[in-house]
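So you can see what is in the structure, the chains are spelled out below.
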Amino acid sequence: MAQLRPSFPLIRIFFLFVLLPHSSLTTAQAIDVADWSALEQQARGQTVYFNAWGGEPRINSYLNWVAQALEQRFNITLQHVKVADTGETVSKIVAERTAGNDTNGSIDLLWVNGENFAALKENQLLFGPWAEEQPNFSLVNANRFPEMREDFTVPTDGLESPWTRSQLVFYHDSQWLIEPPQTIAAILDWSTSNPGEFTYPRPPAFLGSTFLKQAVLEISNKDPALFAPVTDDEFQRVTTALWDYLDALHPTLLRAGRYFPNSAAQLRRLMGDGEISLALAFNPNEALLSVRTGELPDSVRTYVLQGGTIGNVSFLAIPYNAQHKAGAMITANFLLSIEAQARASDPNHMGSTTVISIEDLDASARQQFDSVGTDLAAASPKELSRKLQEPHPSWTPALERAWIQRYSAR
Amino acid sequence: MLRWASHSLIFLLAAPILLGTLIASLPAFGYFPPLGSSEFSLEAWRELFEVPGLTRSILISLISGILTPLISLTLVFLYLASATGSKLDLWIRRLVSPLLSFPHAAAAFGLAFLIAPSGLLSRVISPGLTGWERPPDILIVNDTWGLSLLFGLVVKEVPFLLLMSLAALPQLQPRHRVEVARTLGYRPTIGWLKVIAPSLYPLVRLPVIAVIVFACATVDVALILGPTLPPTLSVRVLSWFNDPDLNLRFLAAAGALLQLGVSLTAIAIWLALEKLVGLFWRIWMAAGNRNTGEGLAFAIGRSAMPIMLMVIAGSLLALLTNAFSGSWRYPSALPSSWTIQHWANSLSDLSIPFFNTVLISVSSTLLALIVVVATLESERQSGKAKSTAMWLLYLPLLIPQLVFLFGIIVLTEFAGWQANLGLVIFGHLLFVLPYVFLSLSEAYRQLDPRWTQVASTLGASPLKSFWRIRIPLLLAPCLTAGAIGMAISISLFLPTQLLGAGRITTITTEAVALTSGASRNLISVWAIVQLSLPIVGFMMALFIPKFVWRNRSGMMDTR
Amino acid sequence: MSNSVLELNDVSISLGGKQLLEIDCRVGSGEILTVMGPSGSGKSSLLAYIAGFLAPVFESSGSVLVNGDDICSLAAERRRIGLLFQDPLLFPHLSVAGNLRFAMPRNAQHKSQAISEGLHDIGLAGFDNRDPGTLSGGQASRVALLRLLLCAPNAVLLDEPFSKLDTQLSEEIRALVFDKLRASGLPTILVTHDQADAERAGGQIHTLLSR
């Protein structure tokens, strides 16, 4: 079927199988994912290079704690390789593949989801399956929460292990805005009468793309075409209304839409400076965390749009050529443990949302996850339960490209 | 022996760049087996020219490539014309080298934090002068036509060009010439412009070209200050390289070649401009007017540097306040609370990058110094002026980093090399070399040849006179060149990031990783650490000679 | 006390095809040959040729013999020819003693003693650890001379060494230099445009014609 991408796909995959020397799924070191205790033994003394976004100091400090714990308990040295963009990691794996480096990869574990995962999976650049063999995998109750086995509608096939949850939330400064708009349409109305008070990050920044997806989901009323691979015709049909919306919205935004921040953090800064009164984030606890550090004033409130917002899970994957696969798996399993997940969800440490199914835990374990409490700056769990599913990953790059096409040369 | 060694060294250094460029450009024409394409095709170019806003991106890159050196050079020349010998000049000369060491990323951040609508400047004048309770909705930083970018680049390049000019001036005997002009009735500033500028320009032409290429192809500064809709060409190429959609690799390669083309075009336009200006200059020189324009030239020349210094000081202040501020709501001019929490939080994260930064910069600079000194010495001994191999030294400055770095990575992968410190140091060496050469060559060549003659009449072999006479006499210029080299290495981002596979972290790579997500406070902390390192280098370059030669008044001449 | 003899046999120096100078003479032990001529007549290039650092752009021919050995094939540092420039050119980064020590052959005995004695001899006793930058013009010239002598050369070249000194000082220094050189028995070539220098030298005078 026709796709928006340039037309090499089938030939490409054929060549990949024929031209490249060895299949990447068997590795030099014998890895038996079923024998977990043997893996633990193998992992001892290994150094695991974990490529993860380095732009958030809270995450960095949390990973320092993880490194210490891994050192003490499993004799694994964790190296957090800070990347500005997961795409860089993908580039690196591709470069290694180009040069025929199939066993000495420089990356052992990476934090990934969405189109990055899709690209890696499609090009057979991942090791596995391994994720469901982890002792801690049962904690996520994948039967009840199918999103643990699928990444933007693409099946994970055990190639990646869940790590954190995210959900799109909006937050506003109640000093300047008391009754925030509750739907995408309402945002346009409000922004028109209050120009310069809102903006969103520029796609292809993750948060910006998410805003587009949220908008198109609401405007098209969750059109089913969005959950299937994108085609030219469907794309045209579904997004016409979206572009009309954005054409009307942009002139009312901050800087009249001639400038967009390029990340969630910059957006947050704009609110902290009082430039805007409405913003969005992908971590439900982001506003809360920022109020605690003084970055945002305590008049900030988080909320979820009435019709629900997009939520997803982000994962950990292992490249096909990783040198320390055993260590990587032990690390991923540890990050999935109750202890690590509880600490991660604590706003004092990382402030993320856990992937573990809390209701299935016993009372004492459940308590460890109660650190957010009823902080005004956070959205309530009830609000957060209003979730929308992510569209098929092929829609993300399509939307991004179209946005860039229309709006990057004003 | 010496000459052969230094020539082969230069070829060894230039080869990876040329090879890398070649390998990286293959995908531009469709050749990239891992993605299944091994036939020549122009598909990538077709795609490239359909990219929206490409013309604007190219234009902005081109315009910054030409306006930056134009404005910077004009300011430098006007300054030299109006202020040489004055008290202001003494101060500026002392500050030039340290100013140069302000890494461009840190400088860009500081500037952004200064002039933004919610920046330091705006806070200071609000609400008092402006009545603003919330920041004004004006597009300053990241403006559509790249004016902030231009501003940031000019602030960065003026010290560089000034340093290069100061190094080249002494051989022109500026004081004598201007005096002669004055006795012929010319006002001093006009006189300088008519008798010195035409001779000085050819001596700084190469640094100017380096400025053109940098301004055209910079990624760091453009990311921070440059326009976003659309971004400059180099920023777009980087984003295509990093895009998870692997098909964009072809586009990126084509874009990189385009960037190379744009840089070369900018250089060509500049050279044409040069001829044109040269023509008018000659007419002006012969026309004989001695007074017109003196006042204006003098005013601009004298005020340019102080204004620049104030801007830099303001940027530094913006970084400092942000690094120590607790809660700081607009429009307060100063933070309402101060804290060292940001520093405490960063301390443990700083240690390894700090160590790596020092190790890499010292190693690459030492190696560069050895190569440069060997080259200069062999040139001196062979008696030949300049050989063509020298041009290879400047390759890293003339080809966009992105282009050949990607190719080098593929090369190292083929060789089975893992990312390691040695590779990163080599990558840094490539960039440090031209700057060390540019900064040391004049002093080296200008050293009175009679010193070595005296030494040889006293029976000293060339080796003995080199180590015991030449090197000690050139200690101060060598240290300064070393300080500049270290400053360059410290500010490098792409080479460390790509050649080190992200495993080797330096202050700069960490700081840039924080850009996409961190608070102003944290970025300021890292920016300050980043810029304080070169300052240490320059302090050493300044004070070590003073200490070593403390009892030698003959060594204390103003350099 | 040396009895070296310096001979210039048909030495000719040209630049771009035009002959600058030609000279053929013999300077005996303790004698001073004065070469005179206006500026541009190639006087300094003669000295450069003898000392071994004539720029390749010049064409030269003829031989320079020291005690019968042709030194033209030797590298400059092997020729054992001392040279005094217009400026004393004391190495500014070495002390007075350091400058003197630099000149002495590696295997010389009792260097410090020789240095102290030498300094005493030229009236600068105790100047061993002085910074050359603090010396007056006359003092520096004397140290330069001592440095040259301590090197134990076979012949000496003087390139207008008194021209930058004022009249009284140059009298003094000139007397010192000539006395020492005669006493040491070294053949000397003095290049100058100053008539007084030539008279005081008291030896042969070779005048170059300007072209």
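Quick summary incoming for the structure in this document. Only a predicted model underlies this, so the values are computations on that prediction, with no experimental measurement involved. (Residues numbered from 1 in each chain as written. Chains lettered and ligands numbered in written order. Predicted model: local features only at pLDDT ≥ 70, side-chain atom pairs only at ≥ 80, totals over all residues. Heavy atoms only, no water.)

Let us now look at helix α9 (residues 188-195) of chain B. Residues and elements named next belong to chain B. With 6 of its 8 residues buried, α9 lies for the most part within the structure. Of all the residues in α9, the buried ones are T189, I190, G191, W192, L193 and K194. Structurally, α9 contributes buried residues whose contacts are with α3 (54-83), α8 (174-183), α10 (197-217), α13 (248-287) and α14 (294-324). (Buried < 20%, exposed > 50% of the residue type's maximum accessible area, 1.4 Å probe, protein only. Helix = DSSP H or I, 4+ residues; strand = E, 2+ residues; numbered from the N terminus. Contact = heavy atoms within 4.5 Å.)

On to helix α2 (residues 43-50) of chain B. Residues and elements named next belong to chain B. Considered for burial, the residues of α2 that qualify are A44, W45, E47 and L48. The arc that holds the buried residues of α2, viewed along the axis, is 160°, so those residues lie on one side. Turned more than 90 degrees away from the buried face of α2, the exposed residues are R46, F49 and E50. (Arc of directions from axis to C-beta.)

Another point: the arrangement of the chains. There are 2 pairs of chains in contact here; the most contacts are made by chains A and B. For the non-touching pair chain A and chain C, the nearest C-alpha separation works out to 49 Å.

Another aspect to go through is unusual backbone geometry. Peptide bonds are mostly trans, and most non-glycine residues show a negative phi. In this structure, P129 of chain A follows G128 of chain A across a cis peptide bond, with omega equal to 10°. Along the polypeptide, P129 of chain A turns up in the loop between α5 (114-122) and β4 (150-151). A cis amide bond links L229 of chain B to the next residue, P230 of chain B, at an omega of 0°. Structurally, P230 of chain B can be placed in the loop between α11 (220-225) and α12 (233-242). The residue N221 of chain A is not glycine, and still its phi comes out positive at about 60°. Summarising the element assignment, N221 of chain A is placed in the loop between α7 (206-219) and α8 (232-249).

For the rest of this paragraph, the subject is the pairing of strand β8 (residues 278-281) of chain A. Residue and element names in this part refer to chain A. Residues of β8 alternate between two faces, with L278 and L280 on one and A279 and A281 on the opposite face, all of them buried. Judged from the 4 bridges that link them, strand β7 (residues 169-173) and β8 form a sheet pairing that is antiparallel. Paired with Y171 across the two strands is A279, which belongs to β8. (Pairing = 2+ DSSP bridges.)

Moving on: the packing of helix α2 (residues 96-103) of chain C against helix α4 (residues 137-150) of chain C. Residue and element names in this part refer to chain C. Across the interface, α2 lies against α4 with an axial gap of 7 Å and an inter-helix angle of 30°. When the axes of α2 and α4 are compared, the pair comes out roughly parallel. As for the relative orientation of α2 and α4, their crossing is right-handed in sense. Where α2 abuts α4, its residues V96, N99, L100 and A103 lie against V143, L146, R147 and L150. Along the lines of polarity and charge, the residues of the contact of α2 with α4 split into 6 nonpolar, 1 polar and 1 charged. (Axes fitted to C-alpha atoms, helices over the stretch in contact; angles between N-to-C directions. Parallel < 35°, antiparallel > 145°, perpendicular 65-115°, else oblique. Left-handed = near helix turned anticlockwise from the far one by under 90°. Nonpolar A, V, L, I, M, F, W, Y, C, P; charged D, E, K, R; others polar.)

Residues and elements named next belong to chain C. Summed over the entire model, instances satisfying the criterion amount to 0 disulfides over all chains. Free of any disulfide, C72 has its nearest neighbouring cysteine sulfur in C25, separated by 13 Å. Here C72 falls in the partly exposed class, since its relative accessible area comes to 25%. (Disulfide = S-S within 2.5 Å.)

A separate point is the nonpolar core. Ranked by size, the top nonpolar core spans 219 residues in total, and within it L80, L162, W192 and L200 of chain B together with I23, F91 and I189 of chain C carry the most contacts. Counting 56 residues, the second largest nonpolar core, distinct from the first, contains L270, I276, A379 and A398 of chain A. (Core = buried A, V, L, I, M, F, W, Y, C linked by side-chain atoms within 4.5 Å.)

Counting residues at the interface gives 22 residues for chain C, matched by 23 residues for chain B. Between chain C and chain B the total buried area reaches about 2200 Å² when both faces are included, carbon and sulfur atoms providing 66% of it. If you sort the residues of chain C by the area they bury against chain B, E77, H93 and F102 of chain C come out on top, with a joint share of 34%. In this assembly, chain C and chain B are joined by 1 salt bridge. With a closest N to O distance of 2.9 Å, R450 of chain B and D87 of chain C form a salt bridge. (Buried area = accessible area lost by both parts, 1.4 Å probe. Salt bridge = Lys/Arg side-chain N within 4 Å of Asp/Glu carboxyl O.)

Residue and element names in this part refer to chain C. The 4 strands lie next to each other as β2-β1-β4-β5, forming an open sheet whose pairing is antiparallel. Either end of the sheet is taken by a strand with one partner, and the two such strands are β2 (18-27) and β5 (69-70). As paired elements, strand β4 (residues 58-66) and β5 share 2 bridges and run antiparallel to each other. In the strand pairing of β5, L65 is matched with D70.

With the rule as written, the count across this model stands at 25 aromatic pairs over all chains. Ring geometry for F170 of chain A and Y303 of chain A: centres 6.1 Å apart, planes at 35°, overall tilted. Residue F170 of chain A is found in strand β7, and its partner Y303 of chain A is found in strand β9 (residues 300-303); the two are separated by 133 residues along the sequence. Geometrically, the ring pair formed by W281 of chain B and W284 of chain B is edge-to-face, given 5.3 Å between the ring centres and 75° between the ring planes. Placement of both W281 of chain B and W284 of chain B in helix α13 is noted, with a separation of 3 residues, approximately one turn of the helix. Since its relative accessible area comes to 26%, W281 of chain B is described here as partly exposed. The residue whose ring lies beneath R550 of chain B is F547 of chain B, and the NZ or CZ to ring-centre distance is 4.5 Å. (Phe/Tyr/Trp six-rings, centres within 6.5 Å; stacked < 30°, edge-to-face > 60°. Lys NZ or Arg CZ within 6 Å of the ring centre and 35° of its normal.)

Residue and element names in this part refer to chain B. Tracing the backbone shows S346 in helix α15 (residues 341-382). With 180 residues separating them along the chain, S346 and W526 place their C-alpha atoms 8.3 Å apart. With sequence-adjacent residues up to four places away left out, S346 is seen in contact with L522, V525 and W526.

Each strand in a sheet pairs with its neighbour through backbone hydrogen bonds, running either in the same direction (parallel) or in the opposite one (antiparallel). Residue and element names in this part refer to chain C. The strand order across the open sheet built from 5 strands is β6-β7-β8-β3-β9, with neighbouring strands paired in parallel fashion. Of all the strands in the sheet, just β6 (81-84) and β9 (205-207) have a single pairing partner and so form its edges. In this sheet, adjacent strand axes meet at a mean angle of 15° when their direction is disregarded. Here 5 bridges tie strand β3 (residues 32-36) to strand β8 (residues 188-192), and the two strands are oriented parallel to one another. If you follow M36 over to β8, its bridge partner there is T192. α4 rests against β6 and β7 (155-159) of the sheet, and its axis sits at about 175° to β6.

Proximity of charged atoms lets side chains of opposite charge pair with each other. Tallied over the entire structure, the rule returns 31 salt bridges over all chains. When the shortest N-O distance is used, the salt bridge between E286 of chain A and R268 of chain A registers 3.0 Å. In this pair, E286 of chain A is assigned in helix α10 (residues 286-293) and R268 of chain A in helix α9 (residues 264-272), connecting sequence segments 18 residues apart. Its relative accessible area of 9% is what places E286 of chain A among the buried residues. Linking E379 of chain B and R445 of chain B is a salt bridge whose minimum nitrogen-to-oxygen distance equals 2.8 Å. Of this pair, E379 of chain B sits in helix α15 while R445 of chain B sits in helix α19 (residues 421-446); the two residues are 66 residues apart in sequence, bridging distant segments of the chain. Several salt bridges converge on common partners, so that one network encompasses D448 and R450 of chain B together with D87 and K164 of chain C.

Further remarks concern the environment of V48 of chain A. All names here are of chain A. Its location among the elements puts V48 in strand β1 (residues 47-53). Judged by relative accessible area, V48 falls into the buried class, the value being 0%. Beyond its immediate sequence surroundings of up to four residues, V48 is in contact with I76, T77, L78, Q79, D108, L109, H324, G327, A328 and T331.

A few words on the pairing of β6 of chain C. Residues and elements named next belong to chain C. The alternating pattern of β6 places I81 and L83 on one face and G82 and L84 on the opposite face, and all of these are buried. Where β6 and β7 come together, 4 bridges link them in parallel fashion. Bridge pairing in β7 places I81 opposite A155.

So, to be careful, I would describe these as geometric facts and stop short of saying anything about function.
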